[in-house]
Amino acid sequence: MLQKWWQSKTAYQIYPKSFYDSNGDGIGDLRGIIEKLDYLKELGVEIVWISPVYCSPLADQGYDISDYYGIDPRFGTMDDMDELLQEAKKRGLHIVMDLVVNHCSDEHVWFQEACKDPDGKFGRYFYIEDWHEGDPLPCNWRSAFGGSVWSRLPGHEDKIYLHIFHRKQPDLNWENPELRQEIYRMINWWLEKGVSGFRVDAIINIKKKLPYRNYPADREDGLCSIECMLADAEGVIDFLDEMAENTFRKYDAFTAGEVFHEKEHELPLFIGEHGVFSSMFDFAETTINTNPLGWYAVQPVTAEQYKQACFFSQRRVKDVGFLCNIIENHDEPRGVSHYIPDGQCTLAAKKMLGGLNFMLRGLPFLFQGQEIGMENRRCSSIEEVDDISARDEYQVALNAGLTKEEAMDVVNRFSRDNARSPFQWDSTPNAGFSSGTPWLPVNANYTRINLEAQKKDPDSVWNFYRALIELRKDPKYRDTIVFGDLIPYLPEQKNLMSYFREGSGQRLLVIGNFQAEIQTAALPAPVEEVLLNNIGDCEMKDGAVRLQPWQFLILKLNSNS
Ligand code: TEU
Ligand code: CA
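Residues numbered from 1 in each chain as written. Chains lettered and ligands numbered in written order. Predicted model: local features only at pLDDT ≥ 70, side-chain atom pairs only at ≥ 80, totals over all residues. Heavy atoms only, no water.

Considerations on the layout of surface pockets
If a probe as big as a water molecule is rolled over the atoms, it shows which places are left empty. Cut-off, in case you're wondering: Think of a 1 Å grid over the protein atoms and nothing else: a 1.4 Å probe that fits but is trapped marks a cavity, an open set flanked by protein within 12 Å on at least five of seven lines marks a pocket, and residues with an atom within 4 Å of a point count as lining. Grid points are joined across faces, edges and corners, and a volume is the space filled by probe spheres set on the points. In this text, helices come from DSSP runs of H or I with a minimum length of four residues, and strands from runs of E with a minimum of two, each type numbered from the N-terminal end. In this classification, the charged set is Asp, Glu, Lys and Arg, the nonpolar set is Ala, Val, Leu, Ile, Met, Phe, Trp, Tyr, Cys and Pro, and all remaining amino acids, among them Gly, are polar. For each domain, the first and last residues come from an automatic or database assignment.
Its boundaries defined by the atoms lining it, the second largest pocket holds a volume of some 640 Å³. S337, H338, I340, P341 and D342 are the residues nearest the centre of the second largest pocket, which is lined by 25 residues in total. Elements supplying a minimum of two residues to the lining of the second largest pocket: α11 (335–339) and α14 (404–414). Partitioned by chemical class, the residues of the lining of the second largest pocket number eleven nonpolar, eight polar and six charged. The residues that make up the lining of the second largest pocket include at least three from each of domain 1 (11–102 + 177–383 + 424–462) and domain 2 (486–557).

Encoded structure:
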């Protein structure tokens, strides 16, 4: 496989609203990111994806864009953006923007014009249909945040428009070549400015199955998950290939697709040698146990399930391309709270989870705060919850007969607010995030879990992540870790997750004891060196290693045996 400029790096996601507030208004901003670039450099990451900072009414926290060419004043100015790009470049950091083009905001001028003249040029930028009170809707698809995908077009009694997400996020009509050209122009404008690429939001949804039709209802609301339509729609790749040809490929840009529900035969078309994207996120782990009924019906993830999901993805892409590996992002609960059983979330367990994920073949993508082991933040009532998705799921849980307390437990397990609470910089008020009132409260555990304390502590989660990042860069191991094969080792041994990384004439063994009990694992070859160990002791004898609860090791094996 041809090697690409981005493959050997470590990537990092910033959720700007919660990263660092430079002016005390409680909202993280671009100047806040500029101030923290040295921190990112020190951590060792080299690709930085910034969640949306474009002009937006923030109905979905910036994933509803009202001007693709403007920075929302809450986040700063275009001058700040230009400075950020320059300062990042000086430090060898690549900035990756969020590309949200399945939909825009209902406050975007395109939609406002479409409302004025639904039959005109801008009407054709959206999916608008005639509809009269009492008529059936064109289809029974459910929007991502609850309710029908159809809402009344403002100003028109007899027209409706389609939105797969919130009603303030009207879907853009990709069947219209004029709209597509507008989008390519915008992408190139940003690439000309010096961004290194994009994370591509919700992209599978741009291809709709037309004409509209109903699918069997999967809940009492009579609606069906959008997955039914996606399974039926063909041709998304044609749009994406045209987009890549007109934009990304001309700039050798890095692109990471947020792709769910792709068809098996499309995988090489997405991320193969001539794929439409450089890479895409692996969601096999985050979607374990998902249930069409809603969050309330989701069972906790077991160690065996986690391991199998990772190995499944690795097997699937090994000859095809490179995945972006994550334990969390701004839509997910904190990985350490989600994958480690309640009450077991120790320092060692956090490091083990991070190490197992980081060493997978692919591009490791850290989400802000992951590097210090930030945890879910509990809310006691739904009024404290900002996330529109969590608010909907709360109602879904109540409708299913759960009590308010039970529904809040569900929300606390899955709310997107879990990942969106402010970064915990230090132990001063508001965790050093802001001198004002943070838009979302900080996690009360910040006095215990914060960056400043962890930098001083050689055993901290932070120093462990630093060591992982350094190892990935180390010329001695880089090629094996970045490009080597991944081969599961002892996959049948319960609560043991272990694999070889093999290539460039050497063999590493990555082992995690995914449980709170000791276990012993046979060693396949003599160990030359312990490259990383999250606990300290490492008891090896008679060709086996005795692993402490949550122990994680990277071993260099003797490659002649
Ligand atoms: O998420 C898209 C998306 O498909 C998710 O809602 C996904 O179904 C869910 O996370 C599965 O667990 C993206 C953004 O990441 C999200 O923040 C936005 O709300 C959404 O698009 C709309 O732009
Ligand atoms: Ca601010």
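Here we look at the site of ligand 1
What counts is decided by this rule: Residues are classed as near a molecule or strand on a simple rule: at least one heavy atom within 4 Å of it. Identification of polar contacts relies on pairs of N or O atoms within 3.5 Å, with a donor-acceptor requirement for protein atoms, meaning one able to donate a hydrogen and the other able to accept it, and with residues adjacent in sequence counted only if both atoms are side-chain atoms. Residue-level accessible areas treat just the shown protein chains as cover; the underlying method is Shrake-Rupley with a 1.4 Å probe.
Around ligand 1 sit 16 residues, and of these D60, H103, R199, D201 and D331 come closest. At a separation of 2.5 Å, an oxygen atom of ligand 1 approaches a polar side-chain atom of D60. One of the side-chain N or O atoms of H330 is found 2.9 Å from an oxygen atom in ligand 1. Compared with its free state, where it exposes 510 Å², ligand 1 has 82% of that area covered by protein. Of the residues belonging to the shell around ligand 1, the class tally is five nonpolar, three polar and eight charged.

A closer look at the coordination of the calcium ion (ligand 2)
Stated precisely, the cut-off is as follows: Only nitrogen, oxygen and sulfur atoms within 2.8 Å of the metal, or 3.2 Å for Na, K and Ca, are treated as donors, and water is left out, so sites may look incomplete. Each residue's exposure class comes from its accessible area (1.4 Å probe, protein chains only) as a fraction of the maximum for that residue type: buried when under 20%, exposed when over 50%, partly exposed otherwise.
Around the calcium ion (ligand 2), the protein contributes the donor atoms D21 (OD), N23 (OD1), D25 (OD), I27 (O) and D29 (OD), at 2.2 to 2.3 Å from the metal centre. Binding-site remark: the calcium ion (ligand 2) is held by donors from one chain whose sequence spacing is D-x1-N-x1-D-x1-I-x1-D. Assessed through its relative accessible area of 53%, N23 is described here as exposed. Judged by its relative accessible area of 13%, I27 falls in the buried class.

As for empty space enclosed by the protein
All chains considered together, the criterion is met by three cavities of 30 Å³ or more. Forming the walls of the largest cavity are I204, K207, L230, A233, E234, G235, V236, K263 and E266. Of the volumes computed, that of the second largest cavity is approximately 50 Å³.

Here's the deal with the sheet that holds strand β10 (residues 254–257)
We count it as follows: Strands pair, by our definition, only if DSSP identifies at least two bridges between them. Between the N-to-C directions of two axes lies an angle of 0 to 180 degrees, each axis being a line fitted to C-alpha atoms and, for a helix, fitted only over the stretch in contact.
One closed barrel accounts for eight strands, arranged β1-β2-β5-β9-β10-β11-β12-β13; its pairing is parallel. Sheet twist, expressed as the average angle between the axes of neighbouring strands with direction ignored, equals 30 degrees. As defined by bridge partners, strand β12 (residues 323–325) adjoins strand β13 (residues 363–367) across two bridges and the pair is classed as parallel. What sits directly across from N325, in β13, is P364.

Details of helix α4 (residues 109–116)
The cut-off we apply is this: In this description, the arc belongs to the directions extending from the helix axis to the C-beta atoms. For this analysis, residues touch if any pair of their heavy atoms sits within 4.5 Å.
Within α4, burial applies to W110, F111, A114 and C115. Buried residues of α4, seen end-on, are gathered within an arc of 135 degrees and therefore sit on one face of the element. Looking at the buried side of α4, the elements it contacts are β4 (67–71), β6 (128–130), β8 (159–162) and α5 (177–193).

What about the side chain of T286?
The residue T286 is located in the loop between β11 (279–281) and α10 (303–317) in this model. Residue classification places T286 among the buried positions, given a relative accessible area of 8%. Reaching out from T286, the side chain makes a polar contact with the backbone oxygen of F283 at a distance of 3.2 Å. Once residues lying within four places of it in the same chain are set aside, the contact partners of T286 are I326, E332 and Y339.

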